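Here is what each chain is made of, one letter per residue.
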Amino acid sequence: MLLRILAAADLPATGRFVPKAGWVSRAWVGDEYVVRLNNDRRFSDAYRHEAAVVDLLAGSEVPHARHVAHGDGPDGPWYVSERLPGRTLYEAWPAADSSTRQAIIESLGAALRALHRVPAPADLLPPWLASALAGKPWSAFHPPVVGAALQQVEAAQRVRGPDSRLLADVAEWVQERLALFATDRPALVHGDLHGSNLIVDQGRVTGLIDFAEALAQPADVELDTILRWCAKAREFPPTPDEQGLDETTLTEVPGWLHGAYPELFEREHLRERLNFYDMYGELTLYAHHPHPDERTAAQDRIARLLSGHNHLDELVW
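Predicted model only: the values in this text are computed from it and were never measured.

A. Focus on the packing of helix 8 (residues 220–231) against helix 9 (residues 253–260). At a closest axis distance of 10 Å, the pairing of helix 8 and helix 9 adopts a crossing angle of 150°. Taken as axis vectors, helix 8 and helix 9 run roughly antiparallel relative to one another. On helix 9, the residues that touch Leu-223, Ile-226, Leu-227 and Cys-230 of helix 8 are Val-253, Pro-254 and Leu-257. Here the contact of helix 8 with helix 9 is composed, by residue class, of seven nonpolar, no polar and no charged.

Below is the structure:
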């Protein structure tokens, strides 16, 4: 498969490539290039979307892996990018000392500020998410789309056996908070930023990677994802067979990021905005997740969020 992709990309079939697994893809990491092969049909257009987003980054100050080629082959959709120096934050974090960790997060703040300044189409959405919002099956449940929040309330109300009283309260809760976003200008948001999607080397971020879920939304949607990762890091492993980082090693990350990118934290009513993004995610789980146990757990978290509590309670930022 690797040889077929290299040939299709008009690249030499030489050098050493190390295979790596992922959630929806296989990868081969070489000295100059990283080759990925999508093996989940639900995300068949992901690489086309990623290539378009990475092209938006050309000439910006956003550290990223240059797009080399992408296409569809007999083995599935494929994508080739340049190899960045370093390794993932997930791999580097456990052995890094506190000063190195702080330097990494401060450089992440600079990278995110640059990313959120990149012009992007206001309707930019990952193809799978656009299809889901149009009524097709949901293959993932994040990142949030502010304008689709009431749509998710309605979808939850159509679920067999819903808690109608709870969802009536949710509908009112959402309506009351939509005004918080009335004057927002959409920014280019990575949408899935956590330890496995950051490449770091010598105490700095050398690249944001995997833009398959990038979209145009308020910039603090990015903060929602990062704080969720800090609070629930074990739920963000690089592959289904591994475990995420220990949350106790990430307790200082929000404060370091705040110091490096204070504008991201200075939105009026920030906590309510972050709660809104969280509610969106829980609603999509409640409305669309195929497993009843997951829907029940989401229902419990919705009730807790209505009372003003969620994973943000555990963070200092």
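B. Quick peek at helix 4 (residues 98–116). In this model helix 4 runs 27 Å from its N-terminal to its C-terminal C-alpha over 19 residues, within 8% of the 27 Å that 1.5 Å per residue would give. Residues of helix 4 that are buried make contact with helix 3 (89–92), strand 7 (187–189), strand 8 (198–201), strand 9 (204–208), helix 8 and helix 9.

C. Local environment of unusual backbone geometry. The residue after His-142, namely Pro-143, is reached through a cis peptide bond having omega 15°. Counting through the fold element by element, Pro-143 comes out in the loop between helix 5 (127–133) and helix 6 (149–157). Although it is not a glycine, Asp-210 adopts a positive phi angle of roughly 60°. Mapping Asp-210 onto the fold places it in the loop between strand 9 and strand 10 (215–217).

D. Layout of the environment of Asp-55. Within the secondary structure layout, Asp-55 lies in helix 2 (residues 46–56). The partly exposed category is assigned to Asp-55, whose relative accessible area is 49%. Considering only alpha carbons, one finds Asp-55 and His-67, twelve residues apart in sequence, at a separation of 7.5 Å.

E. The arrangement of the sheet that holds strand 2 (residues 25–29) in detail. With antiparallel pairing, the five strands of this open sheet are ordered in space as 1-2-3-5-4. Of all strands in the sheet, those bounded by a partner on one side alone are strand 1 (18–21) and strand 4 (67–73). Between one strand axis and the next, the sheet turns by 20° as a mean value, whatever way the strands run. Where strand 1 meets strand 2, four bridges bridge the pair, whose relative direction is antiparallel. Bridge assignment links Ala-21 to a residue of strand 2, and that residue is Arg-26.

Calculation notes
Residues numbered from 1 in each chain as written. Predicted model: local features only at pLDDT ≥ 70, side-chain atom pairs only at ≥ 80, totals over all residues. Heavy atoms only, no water. Axes fitted to C-alpha atoms, helices over the stretch in contact; angles between N-to-C directions. Helix = DSSP H or I, 4+ residues; strand = E, 2+ residues; numbered from the N terminus. Parallel < 35°, antiparallel > 145°, perpendicular 65-115°, else oblique. Contact = heavy atoms within 4.5 Å. Nonpolar A, V, L, I, M, F, W, Y, C, P; charged D, E, K, R; others polar. Expected span 1.5 Å × (residues − 1). Buried < 20%, exposed > 50% of the residue type's maximum accessible area, 1.4 Å probe, protein only. Pairing = 2+ DSSP bridges.

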